[in-house]
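Residue-level listing of the chains:
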Amino acid sequence: MRQAPVARSTVEAEPGSQPPPGDDHAFFGQPRGLLTLSGLEVWERFSFLGMQAILVLYFADSVAHGGLGMAAGTAASVSAAYGTLVYLVSVAGGWLADRMLGSYRAVLWGGILIACGHYSMAVPTATMTWVGLGLISAGTGLLKPNVATMVGKLYRTDDDRRDAGFALYYMAINIGAFAGPLITGWLGDHKGWHWGFSAAAIGMTFGLIQYVMGRRHLAGRRHTAEFALTPEGMRRAVRLIVAGLLTVAVLAVLLAVGGWLTMGRFVDLLTLVSVIAPVVYFTVMFTSPRVTPEERGRLRPYVVLFLASTVFNFILFQAYSTMMLLAASNAETTILGFDFPASWYASALGAFEVGLAPVVAALWVRMGHSQPHASNKIAIGVVLGGLSFLLMVLPTSGHSSDDYLMSAWWIVGSYLLLGLGDVLLETSGMSATTKLAPVAFSSQTMSLWFLSLALANGIQAQTVKLYDDVSKPAYFGVNGAIAVAAGLAVMALAPWLRRTMHPVH
């Protein structure tokens, strides 16, 4: 993050709003606050990805077995649309933190909404499933952009520990990503899908408890927003938000009752919004008088990083949709004589990221200023994501019917490539975002990074509809080739990116 936000919080610091001086190197050479925020993300990812690992399987399972009975392509599309909604709401989450709640309270209330959503999904009715998904979408939109921003506030712009700190933070995230599907997957397979959703609810509750208990170690934990609205502006904003939510709810009910707002049209609408939202948001930031010319210059290379993130995450999110469906129908669920639920494949992705993140963090610390530029790390990540899909062309080719079973190691190998790419891209992307953020849009710029995830899900919500209609080699081959080409294009732009992102390394 740029130094200005640090100075701002120092100037406006309230008593006790800064961490104790001894915190700076208290967590493996990193600030102690990193442990608190990482601990929150362990449980948030445990709940979110634990639920997502079984969500598409729940959608596709028959009604007789407790599922919703959707076709495979439809189940993947609806699951992707849910992901689109989650990250679209992050824009509102960033704005609310900057203007009304402050980062600490935005994260707290986001966690509470997420927990309530998972508890709702534990109720075995389709209606409560949709209610729960709505609450989780709202809560994640508040939590995700702001907790990442709070990590950025623990470091100065020129602190060489920054990328290593984000790598450790991402490793902690993936501890939850590893453990979540193990628990929810076993419960979903042996007890029922809603038992798995219950485990996600309990996990988020644990996360909230440790977040509140460790709050004194967080930087900039002001109770007021850093760019708070005036009292009159605050009242007006509250009135508009309430009126807007009520209007949308009433309109949605009327359209649904009238038969116009079908599930398919809702998915298409979310995809359209996911395309329009980043275009509008970039336009607002580029034209805002509160953004300096220097900051505006750093936003231009950020557009490239945004598009790279979109391509990679288009592949990554299919680890929880098409890859999960492929694993459930065409992959062995036995390794070394041990049988496991298909949803446990999702834990392999988290396990690889847990193992690889500290290696990558140690490498960046050892290399110091000689480490690759952030744009090259991101480009390599995109290429690895594409290769993970290209690998799946081999075991899915040459079959006369769809009743074959591939070795489990093909899925595991694909997730190894994807996990390494994820560690390289997401840690560097989040770190670069906090550095490139204009002062007046600090939390909202992180929201813009998450809009790349919304766009990735929005595109996925349309392409996965083809999963049932084209051959598996064609599906994975074309998508993988596009990702590899995108990564190579970012590498070709490296000289321009290094120049325009300076002094960001």
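Since the structure is predicted, the reported quantities are computational estimates derived from the model, not experimental observations.

What counts and what doesn't
Residues numbered from 1 in each chain as written. Predicted model: local features only at pLDDT ≥ 70, side-chain atom pairs only at ≥ 80, totals over all residues. Heavy atoms only, no water. Helix = DSSP H or I, 4+ residues; strand = E, 2+ residues; numbered from the N terminus. Contact = heavy atoms within 4.5 Å. Areas by Shrake-Rupley, 256 points an atom, 1.4 Å probe, with all protein chains shown as cover. Buried < 20%, exposed > 50% of the residue type's maximum accessible area, 1.4 Å probe, protein only. Polar contact = N/O pair within 3.5 Å; in protein donor to acceptor, adjacent residues only side chain to side chain. Expected span 1.5 Å × (residues − 1). Bend = angle between axes of the 7 residues up to and from the residue. 1 Å grid on protein atoms, 1.4 Å probe; cavity = no way out; pocket = protein on both sides within 12 Å on 5 of 7 lines; lining within 4 Å. Points joined across faces, edges and corners; volume = space filled by probe spheres on them. Nonpolar A, V, L, I, M, F, W, Y, C, P; charged D, E, K, R; others polar. Salt bridge = Lys/Arg side-chain N within 4 Å of Asp/Glu carboxyl O. Phe/Tyr/Trp six-rings, centres within 6.5 Å; stacked < 30°, edge-to-face > 60°. pLDDT = per-residue confidence, 0-100. Axes fitted to C-alpha atoms, helices over the stretch in contact; angles between N-to-C directions. Left-handed = near helix turned anticlockwise from the far one by under 90°. Patch = residues over 30% accessible without salt bridge, like charges linked within 9 Å, V, L, I, M, F, W, Y side chains within 5 Å.

Turning our eyes to something else, we now look at the overall build of the protein. If you tally the helices and strands in the protein, you get 18 helices and two strands. Nonlocal contacts in the protein, meaning residues at least 24 apart in sequence, comprise 84% of its contacts between residues at least 6 apart. Accessible area for the protein stands at about 19500 Å²; split by element, carbon and sulfur atoms hold 71% of it.

On the secondary structure map, asparagine 479 appears in helix H17 (residues 472–492). According to the relative accessible area criterion, asparagine 479 is buried, its value standing at 11%. There is a polar contact of 3.1 Å between the side chain of asparagine 479 and the backbone oxygen of tyrosine 475.

Right, let's get into helix H12 (residues 345–367). Spanning 23 residues, H12 covers 33 Å between terminal C-alpha atoms, matching the ideal 33 Å at 1.5 Å per step. At leucine 356, H12 is bent by approximately 25 degrees, the largest bend along its length, and proline proline 358 sits one to four residues beyond. All of the buried residues along H12 are Tyr345, Ala346, Ser347, Ala348, Leu349, Gly350, Glu353, Ala357, Val360, Ala361 and Trp364. One or two positions beyond H12, positive phi appears at glycine 368, with a value near 60 degrees.

A probe as big as a water molecule, rolled over the atoms, marks out the empty space that is left. Across all of its chains, the model carries three cavities of 30 Å³ or more by this definition. Arg45, Tyr87, Tyr170, Leu316 and Asp422 are the residues nearest the centre of the largest cavity, which is lined by 21 residues in total. With four residues, helix H2 (residues 33–60) is the single largest residue contributor to the lining of the largest cavity. Here the lining of the largest cavity is built from residues that sort into 13 nonpolar, three polar and five charged.

Right, let's get into the pattern of salt bridges. The tally for this structure, following the rule as stated, stands at six salt bridges. Ionic pairing is found between glutamate 294 and arginine 298, a salt bridge with its closest N-O pair at 2.7 Å. Taken together, the residues glutamate 294 and arginine 298, both in helix H10 (residues 293–316) and four residues apart, mark about one turn of the helix. By relative accessible area, glutamate 294 is classed as partly exposed at 47%.

Scanning all chains against the criterion turns up 15 aromatic pairs. When the ring of phenylalanine 48 is compared with that of tyrosine 82, the centres are 6.1 Å apart and the planes differ by 25 degrees; the resulting orientation is stacked. Of this pair, phenylalanine 48 sits in helix H2 while tyrosine 82 is found in helix H3 (residues 72–101), placing the two residues 34 residues apart along the sequence. Tyrosine 82 carries the same exposure label as phenylalanine 48, and that label is buried. Between phenylalanine 340 and tyrosine 345, the ring centres sit 5.2 Å apart and the planes meet at 80 degrees, which makes this aromatic pair edge-to-face. Tyrosine 345 carries the same exposure label as phenylalanine 340, and that label is buried.

In this model, the protein carries an average pLDDT of 82, and 89% of its residues clear a pLDDT of 70 or more. At the low end of the mean pLDDT range in the protein sits helix H1 (residues 3–11), at 35; at the high end sits H17, at 93. Contacts of residues 1–16 to residues separated by more than four positions or lying in other chains number 35 contacts, the stretch itself having pLDDT below 50.

With that settled, consider the packing of H3 against helix H9 (residues 263–287). The description of two packed helices rests on the angle between their axes and on the distance between the axes. The interhelical angle for the contact between H3 and H9, taken along N-to-C directions, is 35 degrees, at an axis separation of 10 Å. Two packed elements cross with a definite hand, and for H3 against H9 that hand is left-handed. Contact residues: H3 offers Ser77, Val78, Ala81, Thr84, Leu85, Leu88 and Val91, while H9 offers Met263, Val267, Leu270, Val273, Ser274, Ala277 and Tyr281.

Estimated volume of the largest pocket: approximately 1500 Å³. Residue lining of the largest pocket: 39 residues in total, with Leu85, Gly134, Leu245, Val248 and Phe266 positioned closest to the centre. Elements that contribute at least two residues to the lining of the largest pocket include exactly H3, helix H5 (126–152), helix H8 (231–257) and H9.

So, about the environment of alanine 483. Tracing the sequence through the fold places alanine 483 in helix H17. In the structure, alanine 483 is positioned 94 residues away from phenylalanine 389 in sequence and 9.0 Å away in space, judged by C-alpha atoms. Excluding residues that lie within four positions of it along the chain, alanine 483 makes contacts with Val311, Ile315, Val382 and Gly386.

What follows is about a nonpolar patch on the surface. There is a patch of nonpolar side chains on the surface, built from Trp130, Met263, Phe266, Leu269, Leu272, Val273, Val275, Ile276, Val280 and Val284 and spanning about 800 Å² of accessible area. Of all the elements, H9 adds the most residues to the nonpolar patch, at nine residues. With respect to the helices, strands and loops of the structure, valine 280 is situated in helix H9.

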